[in-house]
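Structure at a glance
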Amino acid sequence: MPSSLDALNHWVDAVARLTTPDAIHWCDGSEEENAMLAARMRDSGDFIALNPETHPGCHLHRSSPSDVARVEHLTFICTRDPEDAGPNNHWMAPDEAHAKMDALFAGCMRGRTLYVIPYCMGPIGAPNARCGVEITDSPYVVANMRLMTRMGAAALARIEREGHFVKGLHSTGELDPDRRFIMHFPEELAIQSYGSGYGGNALLGKKCHALRIGSWQARQEGWLAEHMLIVGIENPQGETHYVAAAFPSACGKTNLAMLIPPERYRRAGWKVWTVGDDICWMTPGPDGRLWAINPEAGYFGVAPGTGKGTNPNALAMLDRDTIFTNVGVTADGQPWWEGLDDGTPAKDWQGRDFDPANGPAAHANARFTVSAKQCPSWSPRAEDPQGVPISAIVFGGRRPSLVPLVIEARDWTHGVLVGAAMGSETTAAATGAVGVLRRDSMAMKPFCGYNFADYFTHWLSFDKAGAKLPKIFHVNWFRKGADGRFTWPGFGENLRVLEWIVGRCAGTRSARETPIGLLPRAADLDVEGLDLAASDLAMLLDVDLAGWQDELAGIGEYLETFGPRLPAALRREQQRVAAALDEETRPRARAATG
Ligand code: GTP
Ligand code: SPV
Ligand code: MN
């Protein structure tokens, strides 16, 4: 009887014939292997050892200066029918994409080692976990995948048992932005990535598998693959509610997932537990609730802005066995970035002597890669094969104006509209302009592996008999005042908003009804001890009706771009909210004219 690993062996042989590596290495995920690869990278210059006293086991990697972020314009969904990819994706015909990629991959591993990385997304024993194999010629990718996934022998054993896996092929190629593509073939459960060594472009288990291919499979199989953190909020009575939150790239997921409660909350007994910081797979359970697992085993987090005052939990895990990418370094070999509380940079992220005239010491999208187990707030439920039940889903983005601190959707359909309508200013996590407001539905614009119209239909379909769905909310930590500064203090203080959210789920907190949803009154939010003027709080909780009328018109235009495939229920919901706003403004208009 042929082994169920035959398919894997045949594929590795075929890739080796195409790419002609000097050697093939099957990764087992062991300590010895990791030490061997780190030594190899220190020799080649891919890794720079950091100060062994202050940062044992830590390395710095400097990527090519033109390869520092995801490349959305070079990322494609290759389906037979372009309509299946939708207007939210770049599309290429599978045959054309394969021909292009075969030409790039031909002979590209000459002089290099081909690494075979079997990995599992999700706890190895979880029924909803999924396996993949990434072939790469980058030892840096191997070292990162070892921290970010369950990689090696156990994953290979699961693949052998299940007989199927997602095939990911990656080569750093020449790191030439003109010879760079990230291709997805959801109908073949395959990914091909060439010409980048960076994060989401190269660690194929993450965005390529767990979100783009994952979302495609989730739609077929009735679950959700989302760009969400998962956090447990434990109240002083010892009850823990789990919240899943979707914010676009570099908009606060890692920070919210590991927040430290404000002093007074801590003393009262509030605790926060980190389950995941970037990706969430949710499946309806037999009890009708949504149960979530974090498919990842580590964090690939934004370094700049991570400091004692903002995210001390993150800082506490970054002093050992961490890979830093594109940060600066101090004279005594410690990693350094803007927002770190102490130290001074000697070298910048490109290895030049630090000179403020050249810009910040760390690249704005500089990252750390670290095992989740090192996080002080790591949840005891993080490895639970059943996952955790979700009480609330939260959407949010960077909205300098208009959008209040927090809104509760009135029901699931309204919540899906709130998620679909999400907008946010772009960040350095992807190449291109930063600070441009764009729609980013459910924070999945760069990551949904199929047509957003079908994705909205899929979201709506969860609202059926027997379902006990989470409440849906929208938050905005990024509202700016007339002084151009963030009005809300954010970070740990965000627990005050989460407390209201969890209280709404438990039925213990009140709210006022508005045309755009339910909002706390100033008295409903605990702001004791905050340095926040009453007028600022009023601004954060105000609903600017005229501004929202324009916003709803913009949302309507955005929904129109999806054409007839858009679910009618979503369009009706947009019309309902628009009509409620018109209704609310009518008496005032009459009073003004009469
Ligand atoms: P990805 O890993 O790219 O998906 O990003 P993320 O959503 O995990 O973002 P992260 O938590 O790393 O935050 C990105 C940036 O936003 C950092 O520079 C943070 O300091 C900043 N940030 C996070 N939370 C807050 C907040 O509550 N208020 C403000 N003003 N800034 C925040
Ligand atoms: C993001 O951009 O949302 C990230 C980093 O989390 S990457 O792995 O590059 O996608
Ligand atoms: Mn992300």
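This structure is a prediction, so every number in the text was calculated from the model and none was measured. Every chain is numbered on its own, with residues counted from 1 as its sequence reads. Whichever chain is written first is A, and whichever ligand is written first is 1; the rest continue in order. A pLDDT threshold of at least 70 governs which residues receive local features in this predicted model, and a stricter bar of 80 or more applies before side-chain atom pairs are shown or counted, although totals over entire chains, interfaces and linings include all residues. To obtain the side-chain values, all non-hydrogen atoms of the structure were included, while hydrogens and water were left out.

With respect to the nonpolar core
- Only buried residues count toward a nonpolar core. Its members are Ala, Val, Leu, Ile, Met, Phe, Trp, Tyr and Cys residues joined through side-chain atoms within 4.5 Å. Each residue gets one of three labels from its accessible area relative to the maximum for its type: buried under 20%, exposed over 50%, partly exposed in between, using a 1.4 Å probe on protein chains only. Counting residues in hydrophobic clusters, the biggest one holds 76 residues, and the most contacted among them are Ile393 and Trp459.
- Residues lining this core come from more than one domain, with at least three contributed by each of domain 1 (6–47 + 74–222) and domain 2 (226–297 + 380–579).
- Judged by nonpolar contacts, the second largest core, of 36 residues, contains Cys251, Val497, Ile501 and Val502. Residue ranges labeled as domains rest on an automatic or database domain assignment.

As for the coordination of the manganese ion (ligand 3)
- Around the manganese ion (ligand 3), the protein contributes the donor atoms Lys207 (NZ), His227 (NE2) and Asp278 (OD), which lie 2.2 to 2.4 Å from the metal centre.
- Here a donor is an N, O or S atom found within 2.8 Å of the metal, or within 3.2 Å if the metal is Na, K or Ca; sites may look incomplete because water is not among the atoms. By the criteria applied here, four donors are tetrahedral when all angles lie between 85 and 135 degrees, four are square planar and six octahedral when opposite donors are over 155 degrees apart and every other angle lies between 65 and 115, and any other arrangement is irregular. Angles of 67 to 172° at the metal separate the six donor atoms of the manganese ion (ligand 3), which places the site in the irregular class.
- When the donor residues of the manganese ion (ligand 3) are listed from N- to C-terminus, their spacing reads K-x19-H-x50-D. Here the residue histidine 227 occupies a position in the loop between strand E12 (224–226) and strand E13 (228–234), and aspartate 278 occupies one in the loop between strand E15 (271–276) and strand E16 (280–284), the gap between them amounting to 51 residues. Taken individually, histidine 227 and aspartate 278 each receive the classification buried, so the pair is uniform in this respect. Helix and strand definitions here come from DSSP, where helices need a minimum of 4 consecutive H or I residues and strands a minimum of 2 consecutive E residues; each element is numbered from the N-terminal end.

So, the sheet that holds strand E21 (residues 335–336)
- Being paired, for any two strands, means DSSP has found at least two bridges between them. Read across the sheet, three strands follow the order E21-E20-E22 without closing on themselves; strand pairing throughout is antiparallel. Only two strands of the sheet have a single neighbouring strand rather than two, namely E21 and strand E22 (345–347).
- As paired strands, strand E20 (residues 328–330) and E22 are joined by two bridges and run antiparallel to one another. Within E22, the position partnered with valine 329 by the bridge is lysine 347.

Thoughts on the site of ligand 2
- Around ligand 2, the surrounding shell consists of Arg70, Gly199, Gly200, Lys206, Lys207, His227, Ser249, Asp278, Phe300, Arg367, Ala429 and Phe447.
- We define a polar contact as two N or O atoms separated by no more than 3.5 Å, with the added condition that, inside protein, one atom must be a possible hydrogen donor and the other a possible acceptor, whereas residues neighbouring each other in sequence contribute only through side-chain atom pairs. Contacts to ligand 2 include lysine 207, whose side-chain N or O atom sits 2.6 Å from an oxygen atom.
- Within the side chain of histidine 227, one N or O atom sits 3.3 Å away from an oxygen atom of ligand 2.
- Starting from 280 Å² of accessible surface for ligand 2 in isolation, the protein chains cover 98%.
- Elements with a contribution of two residues or more to the shell around ligand 2: helix H7 (199–202) and helix H8 (205–221).
- Classification used: nonpolar for Ala, Val, Leu, Ile, Met, Phe, Trp, Tyr, Cys and Pro, charged for Asp, Glu, Lys and Arg, polar for all others including Gly. Here the residues of the shell around ligand 2 sort into three nonpolar, four polar and five charged. Only a single heavy atom is needed: when it lies within 4 Å of a molecule or strand, its residue is near that molecule or strand. In this description, accessible areas are obtained by the Shrake-Rupley approach with a 1.4 Å probe, and a residue is regarded as covered only by the protein chains that are shown.

So, the site of ligand 1
- If you check the shell around ligand 1, you find 22 residues, and the closest are Ala250, Lys253, Thr254, Asn255 and Arg367.
- Within the contact set of ligand 1, an oxygen atom lies 2.8 Å away from a backbone nitrogen or oxygen of threonine 254.
- Between asparagine 494 and ligand 1, the recorded distance is 3.0 Å, taken from a side-chain N or O atom to an oxygen atom.
- Across the complex, the protein chains shield 91% of the 660 Å² of accessible surface that ligand 1 would expose by itself.
- Listed by contribution, the elements that provide at least two residues to the shell around ligand 1 are helix H9 (253–257) and strand E18 (298–302).
- Sort the elements by how many residues they give to the shell around ligand 1 and H9 lands first, with three residues.
- Looking at the shell around ligand 1 residue by residue, the classes come out as ten nonpolar, eight polar and four charged.
- The residue makeup of the shell around ligand 1 includes at least three contributed by each of domain 2 (226–297 + 380–579) and domain 3 (298–374).

Some thoughts on the pattern of salt bridges
- Counted as salt bridges are all cases of a side-chain nitrogen of Lys or Arg within 4 Å of a carboxyl oxygen of Asp or Glu. With the rule as written, the count across this model stands at 38 salt bridges.
- Here arginine 80 and glutamate 187 are joined by a salt bridge, their closest N and O atoms 3.9 Å apart. Residue arginine 80 is located in the loop between strand E4 (75–77) and helix H3 (82–85), and its partner glutamate 187 is located in the loop between strand E10 (181–185) and strand E11 (190–194); the two are separated by 107 residues in the primary sequence.
- The exposure class of arginine 80 is exposed, given its relative accessible area of 67%.
- Residues aspartate 342 and lysine 308 are paired through a salt bridge, measuring 3.1 Å at the closest nitrogen-oxygen approach. With aspartate 342 in the loop between E21 and E22 and lysine 308 in the loop between E18 and helix H11 (312–317), the pair connects residues that are 34 residues apart, well separated along the chain.
- For aspartate 342, a relative accessible area of 48% corresponds to the partly exposed category.
- One network of salt bridges, in which partners are shared, links Lys206, Lys207, Lys253, Asp278 and Glu296.

Digging into helix H13 (residues 452–460)
- Burial runs high along H13: eight of the nine residues are buried.
- By the burial criterion, the buried members of H13 are Phe452, Ala453, Asp454, Tyr455, Phe456, His458, Trp459 and Leu460.
- The backbone nitrogen of alanine 453 lies 2.8 Å from a side-chain oxygen of the residue at the head of H13, namely asparagine 451.

A few points about the side chain of aspartate 67
- Summarising the element assignment, aspartate 67 is placed in the loop between strand E3 (59–61) and E4.
- Residue class for aspartate 67 comes out buried when judged on its relative accessible area of 2%.
- Among the polar contacts listed, one links the side chain of aspartate 67 to the side chain of serine 196, at a separation of 2.6 Å.
- Any two residues having at least one pair of non-hydrogen atoms within 4.5 Å are treated as being in contact. When sequence neighbours within four positions are dropped, the list of residues in contact with aspartate 67 reads Leu175, Arg180, Ser196, Gly197, Tyr198 and Asn201.

Some words on the packing of helix H2 (residues 31–44) against helix H5 (residues 139–148)
- Axis definition: a line fitted to C-alpha atoms, over the contacting stretch in the case of helices. Angles run 0 to 180 degrees between N-to-C directions. At a minimum axis distance of 10 Å, the contact between H2 and H5 shows a crossing angle of 145°. Remark: the crossing between H2 and H5 carries left-handed chirality. Here H2 contributes Glu31, Asn34, Leu37 and Met41 to the contact with H5, which in turn contributes Pro139, Tyr140, Val142, Ala143 and Arg146.
- Here the contact of H2 with H5 is composed, by residue class, of six nonpolar, one polar and two charged. Two helices cross in a left-handed way if the nearer one is turned anticlockwise from the farther one by less than a right angle. They cross in a right-handed way if the turn is clockwise.

Some remarks on the domain arrangement of the chain
- For the chain, the assigned domains are domain 1 (6–47 + 74–222), domain 2 (226–297 + 380–579) and domain 3 (298–374).
- For domain 1 versus domain 2, the distance between C-alpha centres works out to 31 Å.
- In total, about 2,700 Å² of surface goes out of reach between domain 1 and domain 2, with carbon and sulfur atoms giving 54% of it.
- Residue glutamate 296 pairs with lysine 206 through a salt bridge whose shortest N-O separation is 2.9 Å.
- At the junction of domain 1 with domain 2, the criterion picks out 20 residue pairs in polar contact (both at pLDDT 80 or more).
- Only H3, strand E6 (113–121), H5 and H8 provide two or more residues apiece to the side of domain 1 that touches domain 2. Here's the idea: put two parts together, see how much 1.4 Å probe accessible area each one loses, and the total over both is what we call buried area.

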